[in-house]
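A look at the structure
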Amino acid sequence: MIGHVTALQGYLLLAAVLFAIGLAGALTRRNAILVLIGIELMLNAANLNLIAFWRYGPHPEALTGMMFAIFSIAVAAAEAAVGLGLVIHIYRFTQTTDLGQMNRMKG
Amino acid sequence: MIKNADQIFVLLQHWVMSFFPHALQSLVGVLLSVVSIICVFPALFAISVLLERKGLGRMQNRLGPNRVGPLGILQPVADGLKSLTKEDIVPTSADAVVHFLAPVFLVVIVFMGYAVLPMGRNMTLVNLDAGLLFFFAMGASTELSVFMAGWSSRNKYSLLGAMRAVAQMISYEIPMLLASLVVVMMTGSMNLGRIVDVQNQYTWGLPHWYIFTPWGFAAFLLYATATTAESNRSPFDLPEGESELVAGYFTEYSGFKFALFFLGEYVGMLSVSGLGATLFLGGWSAPLAILNWVPSWIWFFGKVMLSICVFIWLRGTLPRLRQDQLMNFAWKFVLPLSLLNLIVAGLWRFMGEGLTRWVVCSAILLVAYVVMARVGMRKERFGPRSYRYAE
Amino acid sequence: MFGEGILKGLAETARNFAGSFVSADRLTTVQYPEQRIAPIEATRDFPFLVYDGADWEAGLRCVACQICEKECPPKCIYIEKSADKKPDYTGKPQIYPARFDIDISVCMSCQICVEVCPFEAIKMDTEFELSTTDRFGGLLYDRKELAKSNEHYHKIHPTEAAEVDARLAEEKAKAEAKAKAAAEAAAAKAAATSAKPVGGEIKA
Amino acid sequence: MTIVFYLIAAITIAGALAAMLLKSTVHCALALTIAFAGLAVQFLELDAQFAGFAQILVYIGAVAILVVFAILLTRGSEAPKGGVFSKSWPAGLAIAAMVFAVLGWAVLSSTSVLPNETAKPTVSVLEIGNALMGRYVLPLEIIAVLLTSALIGAVIVAKHEKGSAK
């Protein structure tokens, strides 16, 4: 089953594994920052997919895949910044980053 | 004869490669250049340490070290041996793995930055198309090792020092990038070899170096300020401010790990001045057309050692900046000027040949400098600190 | 904030750097063990006891009055009086210190003992290379190690030594004059007593 | 496929797993950096040089430091009282496993449909520049606006109001 997998499928499988790990982390960890780390991992997995398809795609000179990955890196950085800003803001009011205790809408 | 004096190292490399089977030749070639870089730059590090201590001494009316060896030449060897034999104490509460990894990570990353520097005519280890981006990628990841060092020694001083160092390095990284972006904009390519070739032409014997253009000179000054701060040197050496922070993020390091940090800092300084020479001072090109017979790598290493002397000269002169002055200076003075410099470079590009563009560009830059210096910094005029809690 | 301050500073250090190869005043330090800078007149390191003449024990000026011991802020002088007396420079028999120790590891070279000494017996030496391997006994100097001749005093503090000697000589002269006067008075009185029995009848 | 791919893939997966499973949050952040570095090398493997260096510069240079700063600012480096995983961790794990199963099945069963051009594309920075300025100029401007607003937004959100709770 694994033997005759093509190069592209190797990268896609790697991206799928990373995505699953990121998703598992985001779903199971209590600390808000680690959920953000999980999301970062998922985004990176998507980037890997994009570039894998661009590399083995029909006409790579169109640069679509790679440009998309570069834009997604920029967006992910912005998202990480705002996400962590929010986490710090929540921490300032509730003195905790434990997601289990963030069940009140007050504040 | 002149040709192979210039290409002596390349010929040497090919001569050694010829002994190996064809399959291994490229590997051996790369290996040879990597080994040569790893030997040459620590030797330059030793020379610059000696230069620094003797130069600072002379500036302060005293003799530098002259006990070890004639005129103190063997002082770096003595320092090296001392740091090798010193006991390596690791605090018990320290996080051993991260504590050990930090200096290794720093030195590896800093040495990787050398892969793209053109040290002579076709003497570049890897002639990358996006060479400058690779260099800055390596430069950006050294901050992480600084943080790892500061955090893992579980010591308030080192954590404070690490926070200051990382904040300073991040806020001066952007002006450094923008200052070199100007050069990329004008040459149209990120390949460092290409940048040096463009600067390697001569009119009436004078080279086309970028430092002789108004935007190039301004970018060089901004680049020099930003890189002095990036390598935690002279007026910006707040992170290891001996007076208040003991030794900043490498307080808990001793023995060889401390020497590794020391090596990392100096080799980082050498690589950053190497890039400065490549971008603004024409890499390995000779300062005058008639001097072209001198081998090209001599010019590169000459310019690097010259900028090391300027680093030392700055260290002997300027007092240390306070943290808030440092940040104000970065975000409210250096960054706007580098953005303006980008616009001026664009203007320069589309104003065509002739004297007018010289006058206009330098006028804009001078006026901006004066206005920014006078108006912008009036409130913060390095004046008394404003407190948030204590009224 | 234009940066001229930076340029002026850089020029200054450059002048220093270049000057240090050329002019002497730009390079004030010397190679310490080999070359030395002559200590200035008023250098003071650790006290020493002055003695006149050749024999240090007889010529010791100190009369064990212990003022310096009481005045010494870090309390590093230990004196024990002698039982007998010995004649001092004016010939008057004086007590001398049987034991006079100074712990130079405690002494802070403040020169208070020199200022309070009424007999010019203790002065400050300029010798500072006194490191020893033994921290306790080695740095506790006894009478013998502290005693140094007046000539040594003249060598290290010439002007001051000259004033001290002048004052001592003058006191000595005054003391001798007084002694001579006393001697003459005694002789005259003796002569008067021997002459009176003879002269008594004449006047009566 | 080449040995390099397997090696780097193993390092990346190890880094990602460590980032999710380690107890101390700062160790997680450092493991995350290893995962980012592994991915950057994968990008270089796929001859996307510009994306690889951009990944190193943006992620290892900035995002990792941002995460680590956030951890320190919220005192995350002390071990939390309760367990590190939320009470409903089996459900999360099951969902992730299912997602992976679906993805894996989709990838493996579509061997015939997937393109497989092995021609090595040579991409020069000049082409990327032209593409950015030519075909992708609109996304570039939108990204510029987005990054500025994110910059200002993050600063305002995390700023320390004068009057509010210290």
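Residues numbered from 1 in each chain as written. Chains lettered and ligands numbered in written order. Predicted model: local features only at pLDDT ≥ 70, side-chain atom pairs only at ≥ 80, totals over all residues. Heavy atoms only, no water.

**Considering the overall build of chain D**
Counting secondary structure elements, chain D contains 6 helices and 0 strands. Element order for chain D, N to C, with α for helix and β for strand: α-α-α-α-α-α. At 20 Å, chain D has a C-alpha radius of gyration far larger than the 15 Å of a compact globule built from 166 residues. Across its three principal directions, the C-alpha atoms of chain D cover 60 × 40 × 25 Å. Every one of the 166 residues in chain D was classed for burial, and the buried ones make up 39%. Counting contacts in chain D only where the partners sit at least 6 residues apart, residues at least 24 apart contribute 48% of the total. Surface exposure of chain D reaches about 8,700 Å², of which carbon and sulfur atoms provide 76%. (Helix = DSSP H or I, 4+ residues; strand = E, 2+ residues; numbered from the N terminus. Rg over C-alpha atoms; globule rule 2.2 N^0.38 Å. Buried < 20%, exposed > 50% of the residue type's maximum accessible area, 1.4 Å probe, protein only. Contact = heavy atoms within 4.5 Å. Areas by Shrake-Rupley, 256 points an atom, 1.4 Å probe, with all protein chains shown as cover.)

**Structural notes on the overall build of chain B**
When you go through chain B residue by residue, the secondary structure sums to 14 helices and 2 strands. For chain B, the C-alpha radius of gyration of 22 Å lies close to 21 Å, the compact-globule estimate for 391 residues. With respect to the three principal axes, the spread of C-alpha positions in chain B is 60 × 60 × 45 Å. Evaluated residue by residue, chain B yields a buried proportion of 53% over its 391 residues.

**Section: the pairing of strand β1 (residues 47–51) of chain C**
All names here are of chain C. Across the 5 residues of β1, 5 count as buried, placing the element largely inside the fold. Pairing of β1 with strand β4 (residues 122–124), which is carried by 3 bridges, proceeds in the antiparallel orientation. Paired with leucine 49 across the strands is isoleucine 122, a residue of β4. Pairing of β1 with strand β6 (residues 147–149) involves 3 bridges; the strand directions are parallel. Among the inter-strand pairings, tyrosine 51 is bridged to a residue of β6, identified as serine 149. (Pairing = 2+ DSSP bridges.)

**Brief notes about the interface of chain D and chain B**
Interface size, as often reported, equals the accessible area lost upon joining of the parts. Contact residues are listed per partner, giving 25 residues for chain D and 27 residues for chain B. Taking both partners together, chain D and chain B bury about 2,100 Å²; carbon and sulfur atoms supply 83% of that area. Among the residues chain D hides against chain B, the three largest losses belong to D:Phe53, D:Leu57 and D:Ile65. Together they make up 26% of the total. At the junction of chain D and chain B, the tally comes to 0 salt bridges. Contributing elements (two or more residues each) for the side of chain D that touches chain B: α2 (25–45), α3 (49–73) and α5 (125–133) of chain D. The dominant element in the side of chain D that touches chain B, judged by the number of residues it contributes, is α3(D), at 13 residues. Its residues assigned to classes, the side of chain D that touches chain B shows 16 nonpolar, 8 polar and 1 charged. (Buried area = accessible area lost by both parts, 1.4 Å probe. Salt bridge = Lys/Arg side-chain N within 4 Å of Asp/Glu carboxyl O. Nonpolar A, V, L, I, M, F, W, Y, C, P; charged D, E, K, R; others polar.)

**Here we look at the interface of chain D and chain A**
Taken together, the contact pairs 84 residues of chain D with 69 residues of chain A. Between chain D and chain A the total buried area reaches about 7,000 Å² when both faces are included, carbon and sulfur atoms providing 78% of it. The largest per-residue losses of area from chain D upon contact with chain A belong to D:Met20, D:Leu46 and D:Thr74, which jointly make up 10% of the total buried on that side. The interface formed by chain D and chain A includes 1 salt bridge. D:Asp47 is paired through a salt bridge with A:Arg55; the nearest N and O atoms lie 2.8 Å apart. One can count 5 residue pairs in polar contact (both at pLDDT 80 or more) joining chain D with chain A. Listing elements by their share of the side of chain D that touches chain A, those giving two or more residues are α1 (3–21), α2, α3, α4 (89–109), α5 and α6 (137–158) of chain D. (Polar contact = N/O pair within 3.5 Å; in protein donor to acceptor, adjacent residues only side chain to side chain.)

**Section: the sheet that holds strand β2 (residues 77–87) of chain C**
Residue and element names in this part refer to chain C. Pairing within the open sheet is antiparallel, and its 3 strands lie in the order β2-β3-β5. Of all the strands in the sheet, the pair left with one neighbour each is β2 and β5 (140–141). Both β2 and strand β3 (residues 93–103) contribute to a ladder of 8 bridges, which runs antiparallel. Following the sheet pairing, isoleucine 79 is matched in β3 by phenylalanine 100.

**Re the nonpolar core**
For soluble globular proteins, nonpolar side chains are generally found buried alongside one another. By size, the foremost hydrophobic cluster in this structure holds 175 residues, and its most contacted members are A:Met66, B:Tyr114, B:Tyr172, B:Leu275 and B:Leu279. Broken down by element, this core gets its largest block of residues, 15 residues, from α3(D). A:Met66 has contacts with A:Trp54, D:Ala48, D:Gln49, D:Phe50, D:Ala51, D:Val123 and D:Ile128, leaving out every residue within four places of it along the chain. (Core = buried A, V, L, I, M, F, W, Y, C linked by side-chain atoms within 4.5 Å.)

**Concerning the sheet that holds β6(C)**
Strand-to-strand pairing in sheets goes through backbone hydrogen bonds, with the strands running parallel or antiparallel. All names here are of chain C. Ordered in space as β4-β1-β6, the 3 strands form an open sheet in which the pairing is mixed. Of all strands in the sheet, those with a lone pairing partner are β4 and β6, marking the two edges. Adjacent strand axes in the sheet meet at a mean angle of 50° when their direction is disregarded. (Axes fitted to C-alpha atoms, helices over the stretch in contact; angles between N-to-C directions.)

**Focus: a positive patch on the surface**
Taken together, the side chains of C:Lys85, C:Lys92, C:Lys174 and C:Lys178 make up a positively charged region of the molecular surface. Along the polypeptide, C:Lys178 turns up in helix α7 (residues 158–203). (Patch = residues over 30% accessible without salt bridge, like charges linked within 9 Å, V, L, I, M, F, W, Y side chains within 5 Å. Lys, Arg positive; Asp, Glu negative; His and termini not counted. Charge placed at Lys NZ, Arg CZ, Asp CG, Glu CD.)

**Quick look at the side chain of A:Asn47**
The residue A:Asn47 is located in helix α2 (residues 32–56) in this model. Once you skip the residues sitting within four places of it in the chain, A:Asn47 turns out to touch A:Ala69, A:Ser72, A:Ile73, D:Phe43 and D:Tyr59.

**Here's the deal with helix α9 (residues 214–230) of chain B**
Residue and element names in this part refer to chain B. With 17 residues, α9 extends 24 Å from end C-alpha to end C-alpha; this agrees with the ideal 24 Å at 1.5 Å per step. Across the 17 residues of α9, 12 count as buried, placing the element largely inside the fold. In the segment just after α9, asparagine 232 is the residue with positive phi, at about 50°. (Expected span 1.5 Å × (residues − 1).)

**Observations regarding the domain arrangement of chain D**
Per the domain assignment, the segments of chain D are domain 1 (1–79) and domain 2 (123–166). Look at where the C-alpha atoms of domain 1 of chain D and domain 2 of chain D centre, and you get two points 22 Å apart. (Domains from an automatic or database assignment.)

**Thoughts on the packing of aromatic side chains**
Scanning all chains against the criterion turns up 29 aromatic pairs over all chains. Each ring, one from B:Trp209 and one from B:Phe212, has its centre 5.9 Å from the other, and the planes form 10°; the classification is stacked. Exposure remark for B:Trp209: the relative accessible area of 9% places this residue in the buried category. Judged by centre distance (5.4 Å) and plane angle (85°), the ring pair of B:Phe300 and B:Phe301 falls under edge-to-face. Residue classification places B:Phe300 among the buried residues on the basis of a relative accessible area of 1%. The ring of A:Tyr56 is capped by A:Arg55, whose NZ or CZ atom sits 4.9 Å from the centre of that ring. Here the basic side chain of B:Arg357 rests over the ring of B:Trp348, its NZ or CZ set 4.1 Å away from the ring centre. (Phe/Tyr/Trp six-rings, centres within 6.5 Å; stacked < 30°, edge-to-face > 60°. Lys NZ or Arg CZ within 6 Å of the ring centre and 35° of its normal.)

**With respect to the side chain of B:Glu143**
Turning to its location among the elements, B:Glu143 is positioned in helix α6 (residues 131–152). For B:Glu143, which is buried and forms no salt bridge, the nearest opposite charge comes from B:Arg164, at a distance of 16 Å. When near neighbours in sequence (up to four residues on either side) are disregarded, B:Glu143 contacts B:Val166, B:Met169, B:Ile170, B:Glu173, B:Glu230, D:Gly61 and D:Ile65.

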